[in-house]
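# Coordinates in review
What follows is the residue order along each chain.
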Amino acid sequence: MFGAGGGTSSYEEIEHTDLVVLWGSNAREAHPIFFHHLLKGLRRGAKMYVVDPRRTTSAQWADVWLGIDVGSDIALANAVGREIIRAGLVNTEFVSRATTGFDAFAESVEPYSLEEGERLTGVPAETIADLAHDYARADRAQLCWTLGITEHHTATDNVLALCNLALLTGHVGRYGSGLVPLRGQNNVQGGGDMGALPNKLPGFQDIEDDAVRARFEARWGGTVPPKRGWHLSQMFDAMASGELRALYVLGENPAQSEADNRRAVRLLDGLDHLVVQDIFLTKTAELADVVLPAAVGAFESEGTVTSSERRVQLLRPALRPPGGARGDMEIICDLAGRLGHDWGRPSAEEVWDELRSLSPMHAGMRYDRLEALGGIQWPCPDEDHPGTPFLHARLWEEDPARRGAPAPFSPVTFEPPLDELDEEFPVRLTTGRRLDSFNTGVQSGRYRSPLRRPETLDLSPEDMEQLGVVEGELVRVSSRRGAITAPVHSDPTLRPGLAFMTMHFPDDADTNALTLDSWDPKSGTAEFKATAIRIERLPEAAAGTPPSQAEPSQAEPAGVTAGAQR
């Protein structure tokens, strides 16, 4: 946020805030540890708004649920911003001192009246106004989001729209007020911190900055490419064009996790050489020419992990890896040797100390300090620094020299989802997670859970009735990319015209065969959250065959289709 590649606040701050806005996040199921902190805040009297197309188990804890139409987040944020300006609730002192671009932002949101906001989002105008007034007037407010904001073709602009609201009200740079992006998986934050981004070196340093590159080249004794690389979506496009012919996959299962994954499988299978390094034989590994069995980073090897609150924590091995499995770092160093570069066998601490010497925000994080303090939050610029619980306190400094560069407003314009609803595909499918499962189920599917149920196409009771289907009946679900069969489940948290599935059980119901792989040009994130689908009864069920006897069909039956409703 505002020049730092991480959330502004610590987990504990949500326990002491006055208002929580949980936007596009079912944190109770997708981020349960964070949600425990959030519940402490609610029990202390904080008010919570939840913005989500579904009335999720998180939304059921909210004081107010805004059942937004999928993909209309920018329209809602702009309407909230306009209402804050119209009502005279802007933190004018903070805006004038610490920000730039307010006038352009104010002009950009002017078309988004409360009435227009209601038309574009499905959220009542008075509820939009309530959110605007409560957020602006709160002494402390935490604005939190996750993949419901970022898995859209406007992902970056969605985030910028939320950042604009924090700048408008001064809800950033103070304890209890901040912007909290909840990371989608374990150590996503740490991956970005370490340079696993196509345009950044470790410490979020720009790879196209000559001076930055020179420091890394001097330490590494080699040349760092001066131009940014491909992000994941561009890599698949490069496979399609023939530019990318070999791929090395570490701890990822793109054969099942990518949007439009049947295309992904075709492209992976067409490579000249595919290497997969993983702890399980995933569907991606089954396509590989070489599989390198890896140790489990969490408890079979040594290193660090970084949480969503920027806390770097030290991991020590608790178990020996089974069989021939080895730690990722050991495998990579041996591979470097085979490629003609002798990196030796450095310890995890030696690698970390090299990282500290090159990344200013990690410079003070010695291993012994990480262990003694139970982790340290970056930035930690020297070995006497305690770490930084929240970011951007500088924006409140009176002295311009100490305040540094101002935070810019970023005008953004609403664009609807790319996969349009029409008569052929009238239902909006959105995807997400359940508490008991993780991603494509490679890890979580290997143990039983009393909470787990098989994958279903979740529909509103109204759509179930309109389709004439009963609980558990198999239906054909089609998008513009493919079709699958899945049993239906009646879910009263859904509105008519909205369906929900997870990606946890791809062997049973391959949800990502339906999803759209068009991506945000700024971040490269695919639009997983907004797929247009058609739902049809299978011929056997329509003819009266009991649902339990219906078999998946690849035929294209003439069926009953649920109508498109908000």
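Residues numbered from 1 in each chain as written. Predicted model: local features only at pLDDT ≥ 70, side-chain atom pairs only at ≥ 80, totals over all residues. Heavy atoms only, no water.

## Here we look at the sheet that holds strand β10 (residues 273–278)
Strands sit in the order β9-β10-β11 across an open sheet of three strands; the sheet is parallel. The sheet terminates laterally at β9 (246–250) and β11 (290–293), the two strands that pair on one side only. The mean inter-strand angle of the sheet, taken between neighbouring strand axes irrespective of direction, is 10°. Two elements, β9 and β10, share five bridges in a ladder whose sense is parallel. If you follow valine 249 over to β10, its bridge partner there is valine 276. The strands that helix α16 (residues 328–338) touches are β9, β10 and β11; relative to β9, the one it contacts most, it runs at about 155°. (Pairing = 2+ DSSP bridges. Helix = DSSP H or I, 4+ residues; strand = E, 2+ residues; numbered from the N terminus. Axes fitted to C-alpha atoms, helices over the stretch in contact; angles between N-to-C directions. Contact = heavy atoms within 4.5 Å.)

## Here we look at the packing of aromatic side chains
One pass over the full model with this rule turns up seven aromatic pairs. Judged by centre distance (5.9 Å) and plane angle (65°), the ring pair of phenylalanine 102 and phenylalanine 409 falls under edge-to-face. Here the residue phenylalanine 102 occupies a position in helix α5 (residues 102–109), and phenylalanine 409 occupies one in the loop between β15 (407–408) and β16 (427–432), the gap between them amounting to 307 residues. Taking the centre distance of 6.5 Å and the plane angle of 70° together, the rings of tyrosine 175 and phenylalanine 390 count as edge-to-face. A residue pair is termed long-range when its members are at least 10 positions apart, and tyrosine 175 in the loop between α9 (155–169) and β6 (178–181) and phenylalanine 390 in the loop between β14 (376–377) and α19 (400–403) qualify at 215 residues. For phenylalanine 390, a relative accessible area of 24% translates into the label partly exposed. In this structure an aromatic cluster arises from ring pairing among Phe102, Phe105 and Phe409. (Phe/Tyr/Trp six-rings, centres within 6.5 Å; stacked < 30°, edge-to-face > 60°. Buried < 20%, exposed > 50% of the residue type's maximum accessible area, 1.4 Å probe, protein only.)

## Let's talk about the sheet that holds strand β12 (residues 303–306)
Across the sheet, three strands lie side by side as β12-β13-β14; this open sheet has antiparallel pairing. Among the strands making up the open sheet, the edge pair consists of β12 and β14. In terms of strand pairing, β12 meets strand β13 (residues 311–315) through four bridges, oriented antiparallel. Residue pairing across strands places threonine 304 opposite leucine 314, the latter belonging to β13.

## Here we look at empty space enclosed by the protein
Under the defined criterion, the tally for this structure stands at two cavities of 30 Å³ or more. Taken as a whole, the largest cavity encloses approximately 330 Å³ of empty space. Every residue lining the largest cavity is counted, 26 residues in all, and those nearest its centre are Gly24, Asp52, Gly148, Thr431 and Lys529. Put simply, the parts of the chain that give the lining of the largest cavity at least two residues each are α8 (147–150) and β16. Estimates place the volume of the second largest cavity at around 40 Å³. Taken together, Val21, Trp23, Val80, Leu131, Tyr135, Leu143 and Leu165 make up the lining of the second largest cavity. For the lining of the second largest cavity, the elements supplying multiple residues, two or more each, are β1 (19–23) and α7 (125–137). Tallied by class, the residues present in the lining of the second largest cavity amount to seven nonpolar, no polar and no charged. (1 Å grid on protein atoms, 1.4 Å probe; cavity = no way out; pocket = protein on both sides within 12 Å on 5 of 7 lines; lining within 4 Å. Points joined across faces, edges and corners; volume = space filled by probe spheres on them. Nonpolar A, V, L, I, M, F, W, Y, C, P; charged D, E, K, R; others polar.)

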